[in-house]
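Geometric and topological summary
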Amino acid sequence: MAHGDITHVDIPVADTQRATEFYGALFGWRIETYPGFEDYPMWRAPNEVSGGGLAPRSEGFTQPRSTVEVDSIEKTLADVERLGGTVLAGKSPITETSWWAVVEDPDGNQIGLYEGVTETS
């Protein structure tokens, strides 16, 4: 994927088993867990392009959040602040070759950022 592509959509859930059954039956999503991500089932739409995760709901994460791939999280975080947004969660590792962060735009919308390569198989 390229800089600016939406790569992932996280859906906050309180009960991952219930959510797995619901979304699998409702949309035909293939939902699987991967080693190291057992509490974070990942879904893939029938088009085999769209996907995301069923993430644990928390006080600051109550609405679905799209994640956008970027060439550099550090540069994008600086750009967010320069353009009037807010960094909610700075760069954090996912694996040895991938990172994520969360920002908020000037209207209060949360957007995830993703940089790198994540192997899930």
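Just above sits the structure.
Residues numbered from 1 in each chain as written. Predicted model: local features only at pLDDT ≥ 70, side-chain atom pairs only at ≥ 80, totals over all residues. Heavy atoms only, no water.

This brings us to the overall build of the protein chain. Across its full length, the protein chain carries two helices and eight strands. Going residue by residue from the N terminus, the α and β elements of the protein chain occur as β-α-β-β-β-β-α-β-β-β. For 121 residues, the compact-globule formula gives about 14 Å, and the C-alpha radius of gyration of the protein chain, at 15 Å, lands near that figure. If you line up the protein chain on its principal axes, its C-alpha atoms span 45 × 30 × 25 Å. Sorting the 121 residues of the protein chain into buried and exposed places 33% on the buried side. Within the protein chain, residue pairs in contact and separated by at least 24 positions form 48% of the contacts whose partners lie at least 6 positions apart. Roughly 7300 Å² of accessible area belongs to the protein chain as shown, and the carbon and sulfur atoms make up 52% of that amount. One way to put it: in the protein chain the 8 positive side-chain charges average out to a point 2 Å from where the 20 negative ones average out. (Helix = DSSP H or I, 4+ residues; strand = E, 2+ residues; numbered from the N terminus. Rg over C-alpha atoms; globule rule 2.2 N^0.38 Å. Buried < 20%, exposed > 50% of the residue type's maximum accessible area, 1.4 Å probe, protein only. Contact = heavy atoms within 4.5 Å. Areas by Shrake-Rupley, 256 points an atom, 1.4 Å probe, with all protein chains shown as cover. Lys, Arg positive; Asp, Glu negative; His and termini not counted. Charge placed at Lys NZ, Arg CZ, Asp CG, Glu CD.)

Let's shift gears to the pattern of salt bridges. Evaluation of the coordinates by the stated rule reveals six salt bridges. Between Glu74 and Lys91 there is a salt bridge whose closest N-O contact spans 2.7 Å. Pair noted here: Glu74 is in helix α2 (residues 73-82) and Lys91 is in strand β6 (residues 86-95), with a separation of 17 residues, a long-range link. Judged by its relative accessible area of 45%, Glu74 is partly exposed. (Salt bridge = Lys/Arg side-chain N within 4 Å of Asp/Glu carboxyl O.)

Summarising the sheet, strand β1 (residues 6-13) and strand β5 (residues 65-69) pair through four bridges and their orientation is antiparallel. Directly across from Ile6, in β5, lies its bridge partner Val68. Looking at chain direction, β1 and strand β4 (residues 51-56) are connected through five bridges and run parallel. Pairing of Asp10 across the sheet is with Gly53, part of β4. (Pairing = 2+ DSSP bridges.)

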